[in-house]
Amino acid sequence: MNSVPWLTILLLVPAVAAVVVAALPRRLATQAKQLTLAVTLVVLVLAVLATFAYHPNRAGFQFAQRYDWIPTFGISYAVGADGISLVLILLTALLVPVVVLSSWDEFDSEPDGPSGPSGPSDGVVPGDGGGSGPGGDPGTGGGGTAVLVAAPPAPVVDAAAAPRRSVPVFCALLLVLEAGLVGVFAATDVFLFYVFFEAILIPMYFLIGSFGPAGQQAQRSYAAVKFLIYSLLGGLLMLAAVIGLYVVSAEQLGSGTFDFALLRQLDITPGVQKLLFLGFFVAFAIKAPLFPFHTWLPDAGAQAPVGGAVLLVGLLDKVGTFGLIRYCIPLFPDASDYFAPLVLALAIIGIFYGALLAIGQRDMKRLVSYTSLAHFGFIALGLFAFTSQAGTGAVLYMVNHGLSTGLLFLVVGFLIARRGTADIGAYGGLAKVTPVLAGTMLVAGLSSLALPGTNSFVSEFLVLVGTFTYNKALAIVATAGIVLAAIYVLSLYQRTMTGPITHEANRTLPDLSWREKAVVAPMIALIIGLGVYPKPLIDIVRPTVTATYTDVGKSDPAPTHPVTVQPGGRS
Amino acid sequence: MSASLLAQTEKITPPSIEYSSLSPLLIVFVVALIGVLVDAFAQREARRVIQPVLAAGGFIAAFVAVAVLHGRHALLAANAVAIDAPALFMQGTILVFALLSVLLVAERQLDSAGGAIVASAAITPGPKGSTAARTSADMQTEAYPLMVFSVTGMMLFVASNNLLVMFVALEILSLPLYLLAGLARRRRLLSQEAAMKYFLLGAFSSAFFLYGLAFAYGYAGSVELGKIATAVGTTGRTDAYLYLAVGLIAVGLFFKIGAVPFHSWTPDVYQGSPTPVTAFMAAGTKVAAFGAILRVFYIAFGPLRWDWRPVLWTVAILTMVVGAVLALTQRDIKRMLAYSAIAHAGFLLVGLAGTNTDGLRGAMFYLVTYGFTTIAAFAVISLVRTSDGEASDLSQWRGLGRTSPLLAGVFSFLLMALAGIPLTSGFTGKFAVFQAAIEGDATPLVVVALVCSAIAAFFYVRVIVLMFFSEPLADGPVVITRPTLTFATAGIGTLATLVLGVAPQPLLDLANTAASSGFVR
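Residues numbered from 1 in each chain as written. Chains lettered and ligands numbered in written order. Predicted model: local features only at pLDDT ≥ 70, side-chain atom pairs only at ≥ 80, totals over all residues. Heavy atoms only, no water.

## Some thoughts on the overall build of chain B
Applied cut-off: Under the DSSP-based scheme used, a helix requires at least four consecutive residues in state H or I and a strand at least two consecutive residues in state E, with every element numbered from the N terminus. A radius of gyration in this sense is built from C-alpha atoms; the matching globule rule multiplies 2.2 Å by the number of residues raised to 0.38. Counting rule for charge: Lys and Arg are taken as positive, Asp and Glu as negative, and neither His nor the chain ends is counted. In plain terms, the charge of a residue is placed at NZ if it is Lys, CZ if Arg, CG if Asp and CD if Glu.
Within chain B one finds 20 helices and five strands. Against the 2.2 N^0.38 benchmark of 24 Å for 521 residues, chain B shows a C-alpha radius of gyration of 22 Å, consistent with a compact globule. Structurally, chain B occupies a C-alpha span of about 70 × 55 × 40 Å along its principal axes. Treating the 31 positive side-chain charges of chain B as one cloud and the 25 negative ones as another, the clouds have centres 4 Å apart.

## Describing the overall build of chain A
Put simply, the rule reads: For every residue, the accessible area (1.4 Å probe, protein chains only) is compared with the maximum for its type, and the residue is labelled buried under 20%, exposed over 50%, or partly exposed between those bounds. Every residue pair with non-hydrogen atoms within 4.5 Å of one another is taken to be in contact. Residue-level accessible areas treat just the shown protein chains as cover; the underlying method is Shrake-Rupley with a 1.4 Å probe.
Within chain A one finds 20 helices and two strands. Each of the 571 residues in chain A was classed as buried or not, and the buried ones make up 60%. A separation threshold of at least 6 residues defines the contact pool for chain A, and within that pool the share at least 24 residues apart is 82%. Surface exposure of chain A reaches about 19800 Å², of which carbon and sulfur atoms provide 66%.

## Some thoughts on the sheet that holds strand β3 (residues 384–386) of chain B
Residue and element names in this part refer to chain B. To be explicit about the condition: Strand pairing requires that DSSP identify at least two bridges connecting the strands.
Reading across the sheet, the three strands line up as β4-β3-β5 and stay open at both edges, with antiparallel pairing between neighbours. Single-partner strands in this sheet number two, and they are β4 (389–390) and β5 (478–479). In terms of strand pairing, β3 meets β5 through two bridges, oriented antiparallel. Bridge pairing links R385 to V478 in β5.

## Focus: the side chain of Q303(A)
All names here are of chain A. Tracing the sequence through the fold places Q303 in helix α10 (residues 296–303). The exposure class of Q303 is buried, given its relative accessible area of 9%. Those residues in contact with Q303 that sit more than four places away from it in its chain are I208, G212, P213, Q216, Q219, R220 and A223.

## Let's talk about unusual backbone geometry
Residue P289(A) is bonded to the preceding A288(A) through a cis peptide linkage, with omega at -15°. Within the secondary structure, P289(A) sits in the loop between α9 (270–287) and α10. Residue P261(B) is bonded to the preceding V260(B) through a cis peptide linkage, with omega at 5°. Along the chain, the position of P261(B) falls in the loop between α9 (239–257) and α10 (265–272).

## Re the side chain of E390(B)
All names here are of chain B. Quick reminder of the rule: Side-chain atoms alone can form a polar contact between residues adjacent in sequence; in general such a contact is a pair of N or O atoms within 3.5 Å, and within protein one must be able to donate a hydrogen while the other accepts it.
With respect to the secondary-structure elements, E390 resides in strand β4. On the basis of relative accessible area, E390 is assigned to the buried category, the value being 16%. A distance of 2.6 Å separates a polar atom in the side chain of E390 from a polar atom in the side chain of T275. Excluding its chain neighbours within four sequence positions, the residues that come into contact with E390 are R187, T275, K334, I381, S382, V384 and R385.

## Section: helix α3 (residues 83–102) of chain A
Our working rule: Expected helix span is computed as 1.5 Å times (number of residues minus one).
In this model, α3(A) (20 residues) spans 29 Å end to end at C-alpha, consistent with the 28 Å of a helix rising 1.5 Å per residue. Buried residues dominate α3(A), accounting for 20 of its 20 residues.

## Points about a nonpolar patch on the surface
Residues and elements named next belong to chain A. Formally: What goes into a patch is any residue over 30% in relative accessible area without a salt bridge, connected to like charges within 9 Å or, for nonpolar side chains (Val, Leu, Ile, Met, Phe, Trp, Tyr), within 5 Å. Throughout this description, the term salt bridge denotes a Lys or Arg side-chain nitrogen within 4 Å of a carboxyl oxygen of Asp or Glu.
A contiguous nonpolar surface patch, about 320 Å² in accessible area, is contributed by L12, V16, V20 and L35. Tallying contributions element by element places helix α1 (residues 6–23) first for the nonpolar patch, with three residues. With respect to the element layout, L12 can be found in helix α1.

## A look at the environment of N471(A)
All names here are of chain A. With respect to the helices and strands, the residue N471 is situated in the loop between α17 (455–470) and α18 (472–497). You can call N471 partly exposed: its relative accessible area is 30%. Taking the C-alpha atoms as reference points, N471 and A385, separated by 86 residues in sequence, lie 7.8 Å from one another. At 3.1 Å, the side chain of N471 forms a polar contact with the backbone nitrogen of A473.

## A closer look at helix α19 (residues 485–502) of chain B
All names here are of chain B. Under the convention used in this document: Here the arc refers to the directions that run from the helix axis out to each C-beta atom.
When the terminal C-alpha atoms of α19 are compared, their 26 Å separation across 18 residues agrees well with the 26 Å that a helix rising 1.5 Å per residue should span. Regarding α19, the residues found buried are T486, T489, A490, G493, T494, A496, T497, L500 and G501. Along the long axis of α19, the arc covered by the buried residues comes to 155°, so they all point the same way.

## Quick notes on the packing of α10(A) against helix α11 (residues 306–331) of chain A
Residue and element names in this part refer to chain A. What counts here: Convention adopted: a line fitted to C-alpha atoms gives each axis, helices being fitted over their contacting stretch, and angles between N-to-C directions are expressed from 0 to 180 degrees. Angle categories are assigned with fixed cut-offs, so that under 35 degrees is roughly parallel, over 145 is roughly antiparallel, 65 to 115 is roughly perpendicular, and the rest are oblique. Note on residue categories: nonpolar means Ala, Val, Leu, Ile, Met, Phe, Trp, Tyr, Cys or Pro, charged means Asp, Glu, Lys or Arg, and polar means any other residue, Gly included.
Running from N to C, α10 and α11 cross one another at 140°; their axes reach a closest spacing of 8 Å. Considering their axes alone, α10 and α11 lie oblique with respect to each other. On α11, the residues that touch W296, L297, A300 and G301 of α10 are A309, L312, V313 and D317. Class assignment for the residues of the contact of α10 with α11 results in six nonpolar, one polar and one charged.

## What to know about the packing of aromatic side chains
Residues and elements named next belong to chain A. Test applied: Aromatic rings from Phe, Tyr and Trp, taking only the six-membered ring of Trp, are treated as a pair when their centres fall within 6.5 Å; an angle between ring planes under 30 degrees marks them as stacked, one over 60 as edge-to-face, and anything in between as tilted. Any Lys NZ or Arg CZ found within 6 Å of a ring centre and within 35 degrees of that ring's normal is scored as a charge over the ring.
Per the counting criterion, the structure on display carries 55 aromatic pairs over all chains. Taking 5.4 Å as the distance between ring centres and 55° as the angle between the ring planes, the aromatic pair formed by F227 and W296 counts as tilted. In this pair, F227 sits in helix α7 (residues 217–253) while W296 sits in helix α10, placing the two residues 69 residues apart along the sequence. Judged by relative accessible area, which is 1%, F227 ranks as buried. Centroid distance F277 to F281: 5.6 Å. Interplanar angle 10°. Geometry classified as stacked. Of this pair, F277 and F281 both sit in helix α9, four residues apart, which is roughly one turn of the helix. Take F277 and F281: they sit in the same class, and that class is buried. Pairwise contacts between aromatic rings join F61, F193, F197, F260, F280, F284, Y327 and F332 into one cluster. A cation over an aromatic ring shows up here: K287 above the ring of F197, its NZ or CZ 4.8 Å from the ring centre. One residue, R326, lies across the ring of Y327, its end atom 5.9 Å from the ring centre.

## A closer look at the pattern of salt bridges
Here the structure, examined in full by the defined rule, presents 19 salt bridges over all chains. Here D82(A) makes a salt bridge to R326(A), at a shortest N to O gap of 3.3 Å. Here R326(A) lies in helix α11 and D82(A) lies in the loop between β2 (75–81) and α3, a separation of 244 residues in the sequence. Of the residues examined, D82(A) reaches a relative accessible area of 9% and is grouped as buried. Of the residues examined, R326(A) reaches a relative accessible area of 4% and is grouped as buried. In this structure, the salt-bridge partner of K197(B) is E193(B), at a minimum N-O distance of 3.1 Å. On the criterion of helical spacing, the pair formed by K197(B) and E193(B) is a turn pair, its members being four residues apart in helix α7 (residues 188–220).

## Section: the confidence of the model for chain A
Selection criterion: Values of pLDDT, which run from 0 to 100, indicate the predictor's confidence residue by residue.
Confidence in the prediction for chain A averages 82 pLDDT; 87% of positions are at 70 or higher. Note on residues 110–163 of chain A: pLDDT is under 50 here. Beyond four places in sequence and across chains, it has 72 contacts.

## With respect to the packing of helix α3 (residues 85–105) of chain B against helix α20 (residues 505–517) of chain B
All names here are of chain B. Where α3 meets α20, the closest approach of the two axes is 7 Å, and the angle between their N-to-C directions is 140°. When the axis of α3 is compared with that of α20, the two are oblique. Contact residues: α3 offers A85, P86 and F89, while α20 offers L507, L510, A511, A514 and S517. For the contact of α3 with α20, the per-class residue count stands at seven nonpolar, one polar and no charged.

## Considering the pairing of strand β1 (residues 62–70) of chain A
Residue and element names in this part refer to chain A. With six bridges joining them, β1 and β2 adopt antiparallel strand pairing. Note that in β2 the partner of Q62 across the bridge is A81. Where β1 folds back on β2, the antiparallel hairpin that results is connected by four residues, among which G74 adopts a positive phi of roughly 65°.

## Here's the deal with the environment of S388(A)
All names here are of chain A. Mapped onto the fold, S388 is located in helix α14 (residues 388–419). You can call S388 buried: its relative accessible area is 1%. Separated by 106 residues in the primary sequence, S388 and Q494 place their C-alpha atoms 37 Å from one another.

## What to know about the confidence of the model for chain B
Looking at chain B, pLDDT values average 87 and 95% of them are 70 or higher. Mean pLDDT values for the elements of chain B range from 62 in helix α4 (residues 127–135) of chain B up to 94 in helix α5 (residues 143–157) of chain B.

Below, the structure written as structure tokens:
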């Protein structure tokens, strides 16, 4: 069974489909959506099959494949899966079809005349003696106003004010994103990882910039550019570290390599380790994001289309935390030790800062974005507590956060689709009008605050238990963050769903359609299912996490503590 | 015919010339001369067909000759010309870029009057001149032989083993370019200003080079690169001459690549020149000048590398920072690409700072990738037009992604390559030079370079934002999507950018072979 190149298939299927879908003309929007949904479902099935073919207790990477790509630099196309990457690939395969289905009608409702082309593409032909051209004086000095991103728009064509957005392009971007994410998680060549790491920025950038909420063009561009520049800056710092690793490997092994398994055996001096660690860490901290590097997330989260936001927070950000455990800790164990207090401090600050800001938000999408900041604090805390419980918990947290926050974003998206605003003040008392929607939000919210019985509880509990054995004070402080989580979740629910209906427009809102129910149903099932019986997931993740920590000389302080992980037995 | 030559100068034995090994140079030179004759005798309409075919044929023939010569490693013509793998690599590169540029110059579909080159260089600016310039269907066909002459100079420049020959080559490559810069059909005033500026500053920098050459001769008693290297530390003369020589020659060479603080001509000349000429300059001159820099610094001043390294670091940092930061403030797309060219010169210098074989390989690879991308970018720019010529003002590019998604997509891809996003050639090139620099203990320089890349990404992305996330203008530019030569050139450049990003190994192998066989001394 292991001879099946699962990962390459998982990568190629959406990539090829993206090309096909992108080539479809705009008018075949429905076909594009159907094809995309079918492909993403196929990917999901393949991912599930791959999971069954995976042997959790076998060491090393499975489904590994390796081909030379640029031998001059020791770069190869090398993929492989361990427990951590496998569950994240599964999450990817699950969330993308959900997003496709949830975005089904998103661009159909936009006002546009089918006959009116979106711009003056055809009609205007400048005759020789035509009117004075625009542009004024193109003198060499060019002292006029520079064109800035956020500059007020110049006179535009009225007819193009509500542009039609191409559904095939949207679908193609989602598919490219899916392929890129699978690549990021599957790569076992650091260079390949970097390539995918950067490559997924581009589709996300266009998803935010081109497909974000209509009518907020300046903010959308701003958010998209901020996202891209932040990520690129982090990526470039990582590139410096990646090249640094290569040079170290060239010194120690004779010829440079990017092979993760070989790089892991390097003996890097602590000073160099610190520099390289910082290069990787800043990139991942921006991506995740951790506290001081987070400011792009609320903007990007608020300006992305809902489906894009789900993928952004649910998956793209996981690349950051995934990078921490896959690359930072195993490659630079000494530096990880050295910087652990810093990371833990940032994590704790993030937990509280994110939660407090979430409480204060009026925009639902920004609110959910800030809750993610708090959750990423928990994940970083778990990863850098260096115990297998906390680490396992943190990896589970990545998956669970994708489910719970993803669902929360979807619900918020349903609300926005109904009322056209993300402002919390525009809602209230919806539980009476749209009970199913309200119930879904409650489930998502309760999962977000880690209520026992939901998936997040298991992971949060493991993180806190693991942290407790590492450092009691940290664990106690972090636990207080859960209280804040309860505040932001419950106040969101309270302000939108309970109480009297304050706006007349809300009285006639439709409840979830069948399509929307089909979107949320598997998510709710997983939230509750994994809350009650997380063992399958833990079984996959735990050996890898334990091996990761053992390899860098971190054994659990278990002998002095009777705490052992009893998956599912938290009653 | 080696060291004893100097002693024999009294007898003046003519040096033996290996014509076969010099054939690429000779082919191009002869083609240029034929071009001049054609211009003198052929009919006006016939010239417009013969000239481009002749020039392109010459470039192709010379390229074949370069390919045949591969593996040669010798000093020719009384040690004046070096034919070695790096020289041949760069000559081939220059020829490919020249061929693509000729396609751009030969374009007749774009302007209503047929081409980017003015009908007569004598047409003055001003209302009357503008009308005449715009409406005349003619073109100054001397542009072709001028380009070919310039290519001759470039090819000699990268192959000269002798500072005096290098100076001659520098002049052969520069003088035609000064003229070409002033041949734009539209915006004559800007074009003539560009030509004038380029000429004055270029002449000034040539003088620096010549002065440095004199000092080098005074110090080493020879203008041969290899002999200067041997003289370092062994002659009894004061080192002050040597340092003056290094500094002055460096000024001359840095001027050509547009390194800060010798960059001030770049934006004006890039903006004012006819766009095909800008593309030619941006790609070709950069290869030629870097070829010469590499040769001079690796061979003649190689023993001094610990002395010039700090200077090179300073210039590289300044170049990257100034290029990236000033590009942020530009509102003309050609000026923006000019500053981007400055920043890229800085990145190339980073590779040079590694002072190792990897640096040579990286720089050569980078030059190829950069040239293809930049020629394609300028080709795309010349496809976006208003009634007033090219829509070079950035604000006119607003919403182009909506009105002509293909062109905007291609241009975005090229910008991403210039920004160095993975899976484009720009990234592979950057990786190659940065890897060399880190290996050569220039890590701080690489960090600066990466920060500058992030700054630079901002202004490339700004154009993408403008094209895709803004509403189109009511009277926006028209995009020419007819299949034309320019279209083909843009396509070739874009394809090369993609291929060199995804499968760079063959070219890397070539560059690697060339770099490791090294310069002939």
